[in-house]
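Examination of the molecular architecture
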Amino acid sequence: YATAGQPQRDVAKAQAEVSMTLERLLLLRQARQSLEARMNSLLNRASHSPIPTLTPPPKPQLKLTLEELLVLAERMRPELRQAISLAVRQRHAKQLAKLEYLPDFSVGFQYVNIGSGMTTDPDDGRNAWMIPIKATIPLWQNRLVSGIQEAKRNLQSSEASVQDERNKALSDVKDRYFRFQAAAQVVELYENALLPEAEMAFYSDRAGYEAGSQDALNLLDSERVYLNAKLAYHQALASLGKSFAELERATGIELRTGQVTP
């Protein structure tokens, strides 16, 4: 503008972009402070405790196939294991209810200390012992039918819960698996195409602006596209990490280490 090479609106536009960038920085700093206070609260620390700059985690890699994940989910998913344990319990309860039809026998032992004898009888003063045997026979068995029917219904309900949890586990694993695959493809697209193209367009427009063949609007648009592409790339990385964590939760194991989650 000082050398009459560009119009005044370019200067005003550049200054407006600087002001909007400063506003964005202020909002980001405020958001960081709020997040730091929230993290300290979750960690049971003082709200003003400093949190250092976090190191970006490595990009998660999935080495298992969908079929292997489905098998692991049937073995390791906590909700499914709980439902199976409850079904086993109800199966034993049904067997115990059927045993109520059988007689109940009990055998005991009693020992009585008589003390010293008072007569000349040879058995006088000898301690006594006895073995009582008791048998309980369920003569009115009709009252047992309701208990068996209730145990049977409980078993059927628990078995249905097992099947429902199994279907839910397989559905969740498939859904999280395809979400992870889609997120990984988006990250790869940004790394191999969108980011390099946006960067090349920005530097090309900047060189053209410096040479006087491009105006400021094109340069600012290219810079904004490049910035948004970098932000979208990091958001895609965050989505990839979230989908990987959700896949671990759906499967029931830590996919990075192969250990069962608590």
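Structure first, text after, so check above.
Residues numbered from 1 in each chain as written. Predicted model: local features only at pLDDT ≥ 70, side-chain atom pairs only at ≥ 80, totals over all residues. Heavy atoms only, no water.

1. With respect to the packing of aromatic side chains
- Scanning the model with the defined rule gives five aromatic pairs in all.
- Their ring planes at 70° and their centres at 5.6 Å tell us that tyrosine 177 and phenylalanine 178 sit as a pair that is edge-to-face.
- Of the residues examined, phenylalanine 178 reaches a relative accessible area of 49% and is grouped as partly exposed.
- Judged by centre distance (5.8 Å) and plane angle (25°), the ring pair of phenylalanine 202 and tyrosine 226 falls under stacked. Of the two residues, phenylalanine 202 is situated in helix H4 (residues 142-211) and tyrosine 226 in helix H5 (residues 216-251); the sequence distance between them amounts to 24 residues. When sorted by exposure, phenylalanine 202 lands in the same class as tyrosine 226, which is buried.
- Three or more aromatic residues link up through ring pairs in this structure, and these residues are Phe202, Tyr203 and Tyr226.
- Note that lysine 230 overlies the ring of tyrosine 226, its terminal NZ or CZ placed 4.6 Å from the centroid. (Phe/Tyr/Trp six-rings, centres within 6.5 Å; stacked < 30°, edge-to-face > 60°. Buried < 20%, exposed > 50% of the residue type's maximum accessible area, 1.4 Å probe, protein only. Helix = DSSP H or I, 4+ residues; strand = E, 2+ residues; numbered from the N terminus. Lys NZ or Arg CZ within 6 Å of the ring centre and 35° of its normal.)

2. Considering the pattern of salt bridges
- Per the stated rule, a full pass over the model turns up 12 salt bridges.
- One salt bridge connects glutamate 79 with arginine 77, and the closest N-O pair in it is separated by 3.6 Å.
- The partner of arginine 249 in a salt bridge is glutamate 79, with the nearest N and O atoms 2.3 Å apart. Taken as a pair, arginine 249 in helix H5 and glutamate 79 in helix H3 (residues 78-98) lie far apart in primary sequence, 170 residues in all.
- Overall, arginine 249 belongs to the partly exposed group, its relative accessible area being 46%.
- A single salt-bridge network, built from bridges that share partners, covers Arg77, Glu79, Asp172 and Arg249. (Salt bridge = Lys/Arg side-chain N within 4 Å of Asp/Glu carboxyl O.)

3. Notes on the packing of helix H2 (residues 66-76) against H5
- The interhelical angle for the contact between H2 and H5, taken along N-to-C directions, is 50°, at an axis separation of 8 Å. Judged by the angle between their axes, H2 and H5 are oblique. On H5, the residues touching Leu69, Leu72, Ala73 and Met76 of H2 are Leu247, Ala250 and Thr251.
- A breakdown of the residues in the contact of H2 with H5 according to their chemical character gives six nonpolar, one polar and no charged. (Axes fitted to C-alpha atoms, helices over the stretch in contact; angles between N-to-C directions. Parallel < 35°, antiparallel > 145°, perpendicular 65-115°, else oblique. Contact = heavy atoms within 4.5 Å. Nonpolar A, V, L, I, M, F, W, Y, C, P; charged D, E, K, R; others polar.)

4. What to know about the environment of glutamate 223
- One can find glutamate 223 in helix H5.
- Taking the C-alpha atoms as reference, glutamate 223 lies 8.4 Å from glutamate 199; in sequence the two are 24 residues apart.

5. Some details on the nonpolar core
- By size, the foremost hydrophobic cluster in this structure holds 28 residues, and its most contacted members are Leu62, Leu69, Val173, Tyr177, Leu247 and Leu255.
- When contributions to this core are tallied by element, the ones reaching two or more residues are H2, H4 and H5.
- Element by element, the count of residues in this core is highest for H5, at 10 residues.
- Leucine 255 has contacts with Leu62, Leu64, Leu69, Phe244, Leu247 and Glu248, leaving out every residue within four places of it along the chain. (Core = buried A, V, L, I, M, F, W, Y, C linked by side-chain atoms within 4.5 Å.)

6. Section: the environment of arginine 9
- Following the sequence through the fold, arginine 9 ends up in helix H1 (residues 8-42).
- Arginine 9 sits in the partly exposed class, given a relative accessible area of 45%.
- With 208 residues separating them in the primary sequence, arginine 9 and leucine 217 have C-alpha atoms 9.5 Å apart.
- Among all residues touching arginine 9, those that are not within four sequence positions of it are Asp215 and Leu217.

7. Some details on a nonpolar patch on the surface
- Together, Val107, Phe109, Tyr111, Trp129, Ile131 and Ile133 make up an exposed nonpolar region whose accessible area comes to about 770 Å².
- Counting through the fold element by element, tryptophan 129 comes out in strand S3 (residues 128-130). (Patch = residues over 30% accessible without salt bridge, like charges linked within 9 Å, V, L, I, M, F, W, Y side chains within 5 Å. Areas by Shrake-Rupley, 256 points an atom, 1.4 Å probe, with all protein chains shown as cover.)

8. Thoughts on unusual backbone geometry
- Positive phi, normally seen in glycine, also occurs at asparagine 44, with a value near 60°.
- Checked against the element boundaries, asparagine 44 lands in the loop between H1 and H2.
- With relative accessibility at 74%, the residue asparagine 44 sits in the exposed group.

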